[in-house]
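Each chain, written out:
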Amino acid sequence: KGAKMQTVYSATQEQAAQIHQEEIVRLETNIHKLQEQAHHVSLKHEAQLNELRADVERAVKDSKQAAEIVVRMQDANIDLRAQLQAAEDAAREHNAGARSTPGPGGSDARLAELEAENKRLKEQ
């Protein structure tokens, strides 16, 4: 009876060892598959991150260009205001001179020209 029990026990141990070995192989296969998936996901995320970096770089560049345009527009606005002020001053001086010295209708024509120029500059 003891030898028979020993044989059954040995067979059970061998089955357990075989099942254990199969489980190890299955787990190692799963680990390998998971590592491949993780690597694929990592590559995908890296590509997405690179796309985002490129988008951010483009946005920064566009923002800088927009800021430069705003500065140029502000400078142009300052120049136009100075031109407008100079035209208004010239028109006032001319009007003051025309009022103090009576003369032919030539001064009225010049006044009309200056007013038209003043209007044009204001519209810009």
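The structure we're discussing is the one just above.
Counting of residues starts from 1 at the beginning of each chain's written sequence and follows it residue by residue. Residue-level local features of this predicted model are given only where pLDDT is at least 70; pairs of side-chain atoms are given and counted only at 80 or more, and the full residue set underlies all totals for whole chains, interfaces and linings. To obtain the side-chain values, all non-hydrogen atoms of the structure were included, while hydrogens and water were left out.

Colleague: What should I look at first to understand the overall build of the chain in this one?
Modeller: Helix numbering and strand numbering both begin at the N terminus, where a helix is a DSSP run of H or I of at least 4 residues and a strand a DSSP run of E of at least 2. Along the chain, the regular secondary structure elements total 2 helices and 0 strands. About 10,700 Å² of surface is accessible on the chain, with carbon and sulfur atoms providing 58% of the total. Here the Shrake-Rupley method, with its probe set to 1.4 Å, supplies the accessible areas, and only the displayed protein chains count as covering residues.

Colleague: Help me understand the pattern of salt bridges, please; the structure alone is not making it clear to me.
Modeller: Side chains that differ in charge, positive against negative, can pair when their charged atoms come close. Criterion for a salt bridge: a side-chain nitrogen of Lys or Arg within 4 Å of a carboxyl oxygen of Asp or Glu. This structure, assessed with the given rule, holds 5 salt bridges. Its salt-bridge partner being Asp-89, residue Arg-92 comes within 2.7 Å of it at the nearest N-O pair. Residue Arg-92 and its partner Asp-89 are both found in helix H1 (residues 2-100); the two are separated by 3 residues, about one turn of the helix. For the exposure calls, accessible area comes from a 1.4 Å probe over protein chains only, and a residue counts as buried if that area is under 20% of its type's maximum, exposed if over 50%, partly exposed in between. Its relative accessible area of 47% is what places Arg-92 among the partly exposed residues. Among the residues examined, Asp-89 registers a relative accessible area of 30% and is labelled partly exposed.

Colleague: I'm lost on the side chain of Asn-118 in this one. Help?
Modeller: Turning to its location among the elements, Asn-118 is positioned in helix H2 (residues 106-123). Asn-118 gets classed as buried once you look at its relative accessible area, which sits at 15%. Each residue touching Asn-118, except ones within four places of it in the same chain, is listed here: Leu-84 and Glu-88. Two residues qualify as a contact provided that any one of their heavy atoms is within 4.5 Å of a heavy atom in the partner residue.

Colleague: Teacher, can you tell me more about the side chain of Glu-88 here?
Modeller: Counting through the fold element by element, Glu-88 comes out in helix H1. Note on Glu-88: relative accessible area 18%, which makes it buried. Contacts of Glu-88, omitting those with residues within four sequence positions, involve Asn-118 and Lys-122.

Colleague: What should I look at first to understand the environment of Glu-113 in this one?
Modeller: Position of Glu-113 relative to the elements: it lies in helix H2. Sequence spacing of Glu-113 and Ala-91 is 22 residues, and the spatial spacing of their C-alpha atoms is 9.4 Å.

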